[in-house]
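As a plain string of letters, each chain reads:
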Amino acid sequence: MPAQLISGREIAATIRSDLAERVARLKADTGRVPGLATVLVGEDPASQSYVRMKNSAAKEAGIHSEQITLPADTPEAELLGLVAGLNANPDIHGILVQLPLPGQIDEQKVLEAIDPAKDVDGFHPVNVGKLSTGATDVLAPCTPWGVIQMLLRTGNSPRGKHCVVVGRSNIVGRPMASLLLRRGEGGDATVTVAHSRTPDLGAITRQADILIVAVGRPDTVTADMVRPGAVVIDVGVNRVDAPDTDRGYRLVGDVDFDGVREVASWITPVPGGVGPMTITMLLSNTVDAFERSLER
Ligand SMILES: Nc1nc2c(c(=O)[nH]1)N[C@@H](CN(C=O)c1ccc(C(=O)N[C@@H](CCC(=O)O)C(=O)O)cc1)CN2
């Protein structure tokens, strides 16, 4: 029997509707709403589309959102000045700088300039450090945090399971491993991290009860690399040429979906899987950051 689909689109819609209610309640109680600033530098089409989706999802949930778009040749100092202004703005509770940034800008320097309390991407070293030491009162990176929600909401708790994460990026692989290792709900897993330099990758991935693939390369995982009955989460969103389509490309993940769905018990599609959850957890982090600001 083919694997059951984990629909990120459906899970995201449920969480977004709960968030909209939470925002409406906060507005009634405090007269204020959470505020999100998104910063886009340059004209990368994928980044433009992600930032557009983030702003429109925020507005739909009742979150105040501001998009700041800067030209591709923006000097680093100007971006750092903008971030300092957003840090000081009392109406902004979440700051997101869309990645990747153009070459003249030191990405790490910019991420470190964001107030950790407003770091809704969870990329500031303070938040990375807190997460990797097991803290639960932390803003966690949106994509891996969304994966945890997908697992929990389909009855696939990682507790006691062997989870194999393929990929060691700061955005997905590393924080994914930290979340799965954390004590408590969504964690308590045994975790192996593999990557592009792992010899005989299939020997590692075949050990997984839950296999999470985030390397950004189509067909990294094929059916022979998956243990029958495993849960497979495909984080990849790759554009491949498709001249016969309106957009000129189609989206595929890192997993050979058609082959692997015959072996796995659950699988995420691309599109409609992890992608929509990334944006949803950004909204959730923004509301959390706002609530925490009320407590300070
Ligand atoms: N500051 C950040 N930059 C980047 C992040 C991030 O979390 N923070 N992650 C990625 C890209 N990303 C968010 O920015 C992202 C990727 C994919 C999707 C998504 O919803 N994909 C849809 C398909 C959308 C389409 O049709 O093009 C899907 O998979 O169904 C959302 C966000 C890099 N940069």
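Residues numbered from 1 in each chain as written. Predicted model: local features only at pLDDT ≥ 70, side-chain atom pairs only at ≥ 80, totals over all residues.

Where an unreviewed UniProt entry is consulted, the chain appears under the name Bifunctional protein FolD, with the organism given as Gaopeijia maritima. UniProt lists a comment for the chain under the heading Function (unreviewed entry), and it reads "Catalyzes the oxidation of 5,10-methylenetetrahydrofolate to 5,10-methenyltetrahydrofolate and then the hydrolysis of 5,10-methenyltetrahydrofolate to 10-formyltetrahydrofolate." UniProt's Subunit (unreviewed entry) comment on the chain is quoted here verbatim: "Homodimer." (UniProt positions renumbered as here; feature names shortened; annotations may be inferred.)

(A) A look at the overall build of the chain. A tally of helices and strands in the chain yields ten helices and eleven strands. The globule rule puts the C-alpha radius of gyration for 296 residues at 19 Å, and the 19 Å found for the chain is close to it. Each of the three principal axes of the chain carries a C-alpha extent, and together these read 50 × 45 × 35 Å. Put simply, of all contacts in the chain between residues at least 6 apart along the chain, 69% involve residues at least 24 apart. (Helix = DSSP H or I, 4+ residues; strand = E, 2+ residues; numbered from the N terminus. Rg over C-alpha atoms; globule rule 2.2 N^0.38 Å. Contact = placed C-beta atoms within 7 Å.)

(B) Structural context of the packing of helix α2 (residues 45-60) against helix α10 (residues 274-295). At a minimum axis distance of 10 Å, the contact between α2 and α10 shows a crossing angle of 50°. In terms of axis orientation, α2 runs oblique to α10. Seen along the crossing, α2 lies across α10 with a hand that is right-handed. Between α2 and α10, the residues in contact are M53, K54, A57 and A58 and I279, L282 and L283, respectively. By residue class, the composition of the contact of α2 with α10 is six nonpolar, no polar and one charged. (Axes fitted to C-alpha atoms, helices over the stretch in contact; angles between N-to-C directions. Parallel < 35°, antiparallel > 145°, perpendicular 65-115°, else oblique. Left-handed = near helix turned anticlockwise from the far one by under 90°. Nonpolar A, V, L, I, M, F, W, Y, C, P; charged D, E, K, R; others polar.)

(C) Spatial organisation of the site of the ligand. Around the ligand sit 19 residues in total, of which Y50, L99, P271, G275 and T278 are the nearest. Per-element tally for the shell around the ligand: the top contributor is α10, with four residues. Here the shell around the ligand is composed, by residue class, of twelve nonpolar, six polar and one charged. There are two domains that each give the shell around the ligand at least three residues, and those are domain 1 (31-115) and domain 2 (141-275). (Near = placed C-beta within 6 Å. Domains from an automatic or database assignment.)

(D) Just the environment of E66, in detail. As for its placement among the helices and strands, E66 is situated in strand β3 (residues 64-70). E66 sits 26 residues away from I92 along the chain, and the two C-alpha atoms are 8.8 Å apart.

(E) Representation of the sheet that holds strand β2 (residues 35-41) within the structure. With respect to topology, three strands assemble into an open sheet ordered β3-β2-β4, the strand pairing being parallel. Each having just a single partner strand, β3 and β4 (94-97) make up the two edges of the open sheet. Sheet twist, expressed as the average angle between the axes of neighbouring strands with direction ignored, equals 15°. Contacting β2, β3 and β4, α2 runs over the sheet at an angle of about 170° to β2. (Pairing = 2+ DSSP bridges.)

(F) Seen up close, the UniProt feature "domain: Tetrahydrofolate dehydrogenase/cyclohydrolase NAD(P)-binding" (unreviewed entry) in the chain. Annotation from UniProt places "domain: Tetrahydrofolate dehydrogenase/cyclohydrolase NAD(P)-binding" (unreviewed entry) at residues 141-292. The span residues 141-292 shows a helical share of 32% and a strand share of 18%, and its end C-alpha atoms are spaced 17 Å apart.

(G) Structural view of unusual backbone geometry. With an omega of 0°, the peptide bond between L99 and P100 qualifies as cis. Here P100 lies in the loop between β4 and α4 (107-113). The residue after V270, namely P271, is reached through a cis peptide bond having omega 0°. Within the secondary structure, P271 is located in the loop between β11 (266-267) and α10. Even without a glycine there, the phi angle at D188 is positive, about 65°. Among the residues examined, D188 registers 15 C-beta atoms within 10 Å and is labelled partly exposed. Positive phi, normally seen in glycine, also occurs at D219, with a value near 60°. (Buried ≥ 20, exposed ≤ 12 C-beta atoms within 10 Å, placed from the backbone.)

(H) Fine view of the UniProt feature "binding site: NADP(+)" (unreviewed entry) in the chain. Per the UniProt entry, the sites bearing "binding site: NADP(+)" (unreviewed entry) are G167, R168, S169 and V237 in this numbering. Here G167 shows up in the loop between β5 (162-166) and α7 (173-181). Once residues lying within four places of it in the same chain are set aside, the contact partners of G167 are V172, G173, H195, V213, A214 and V215. As for its position among the elements, S169 is in the loop between β5 and α7. Given 16 C-beta atoms within a 10 Å radius, S169 is considered partly exposed. Excluding residues within four positions of it along the chain, S169 makes contact with R174 and A214.

(I) The arrangement of the environment of T136 in detail. Within the secondary structure, T136 is located in the loop between α5 (125-132) and α6 (142-153). The exposure class of T136 is partly exposed, given the 13 C-beta atoms found within 10 Å. Along the primary structure T136 and C163 are separated by 27 residues, whereas in three dimensions their C-alpha atoms are 20 Å apart. For T136, the contacting residues outside a window of four places in its chain are R182 and G184.

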